[in-house]
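Inside the fold
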Amino acid sequence: MNHLKPAETLEVIMKASETKASMPLGKMIIFGIFAGVYIAFAGAGANMGSFNLLADPETFGLGKILSGTIFSAGLMLVVLGGAELFTGNTTMTAAVIDRRIKLSSMLKNWIIVYICNFIGGVLVAFMVYYTGAFNTGEGMLGAVTVKIAAGKVNMPFGAALVSGIMCNWLVCMAVWLSSGAQTTVGKILSIFFPIWLFVTAGFEHSVANMFFIPAGIFASGSEVFTALSGIGSDALSNLTWTGMMINNLLPVTIGNIIGGAICVASGYYAALKSDK
């Protein structure tokens, strides 16, 4: 399996960033929604595949392992299928430092793609809810969905931010490694292991949470699901659209930017710029 050297991978990343920065608005919007949908599909599959394991404290770790194996398909769809994912696009920072693209162009991409990722994630969350899938396992899928979402909106700000850093460090390493892979199999394997790691470890991904939390909000409308979840009323009080934005997406997004833009893109640029 052929693989580019790190300095060559950096060059691929920066060239891709130039393409992203000059992408037509319509294409950016469509690809942004696609990425949100693909990550949400992965989240829906991960929850369905592992909810029984996640519901039991004794098998929770196994549930996270299984969830990670399923969820990794989301980034494969984004990278191989072609889509714009906010968290992966934080690597555009290297091209800004190298003066290949303007800071304003990168920020425009981030804002548009972030909003469109959100649209895609909420859309799939609603469709899953509408199909009645949360009734699976006599309502346990809905209960686990509520429990996952409630846990995310009740995290302390600092914990969510640091978790976001670790998450996107791994996500952007998946992007980095797959950019250096020269075959489809190589790209798939390069994506699989870092994503498997972040999901198994339980780190916070802003775009994934654009599915997980709305899904929990929709499911929390059922007294059956909330009762089965075992979540108290205080925790459920934060499971709202406002709670999602302020308690989770804000700190996690900041953390994701630090993890991708500083730890990966800027870090590798600083280490490799003399080798380009």
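Up top is the structure.
Figured I'd write up the structure that's included with this text.

**A few points about the overall build of the protein**
- When its secondary structure is counted, the protein shows 13 helices and zero strands.
- Seen in sequence order, the protein has helices and strands lined up from the N terminus as α-α-α-α-α-α-α-α-α-α-α-α-α.
- A compact globule built from 276 residues should have a C-alpha radius of gyration of about 19 Å, and the protein, at 18 Å, falls within 12% of that.
- Here the contacts in the protein between residues at least 6 apart in sequence split such that 84% fall between residues at least 24 apart.
- Accessible surface, the protein: about 11,900 Å² in total, of which carbon and sulfur atoms supply 68%.
- Averaging the coordinates of the 14 positive side-chain charges in the protein and doing the same for the 12 negative ones gives two points 15 Å apart.

**Topic: the pattern of salt bridges**
- Taken as a whole, this structure holds five salt bridges when the rule is applied.
- The salt bridge involving arginine 100 is made with glutamate 11; its shortest N-O contact spans 2.9 Å. Placement of the pair is arginine 100 in the loop between α5 (93-97) and α6 (103-131) and glutamate 11 in helix α1 (residues 6-21), with a sequence separation of 89 residues.
- Overall, arginine 100 belongs to the partly exposed group, its relative accessible area being 27%.
- The salt bridge involving lysine 152 is made with glutamate 204; its shortest N-O contact spans 3.1 Å. Pair noted here: lysine 152 is in helix α7 (residues 140-153) and glutamate 204 is in the loop between α9 (184-201) and α10 (206-219), with a separation of 52 residues, a long-range link.

Calculation criteria
Residues numbered from 1 in each chain as written. Predicted model: local features only at pLDDT ≥ 70, side-chain atom pairs only at ≥ 80, totals over all residues. Heavy atoms only, no water. Helix = DSSP H or I, 4+ residues; strand = E, 2+ residues; numbered from the N terminus. Rg over C-alpha atoms; globule rule 2.2 N^0.38 Å. Contact = heavy atoms within 4.5 Å. Areas by Shrake-Rupley, 256 points an atom, 1.4 Å probe, with all protein chains shown as cover. Lys, Arg positive; Asp, Glu negative; His and termini not counted. Charge placed at Lys NZ, Arg CZ, Asp CG, Glu CD. Salt bridge = Lys/Arg side-chain N within 4 Å of Asp/Glu carboxyl O. Buried < 20%, exposed > 50% of the residue type's maximum accessible area, 1.4 Å probe, protein only.

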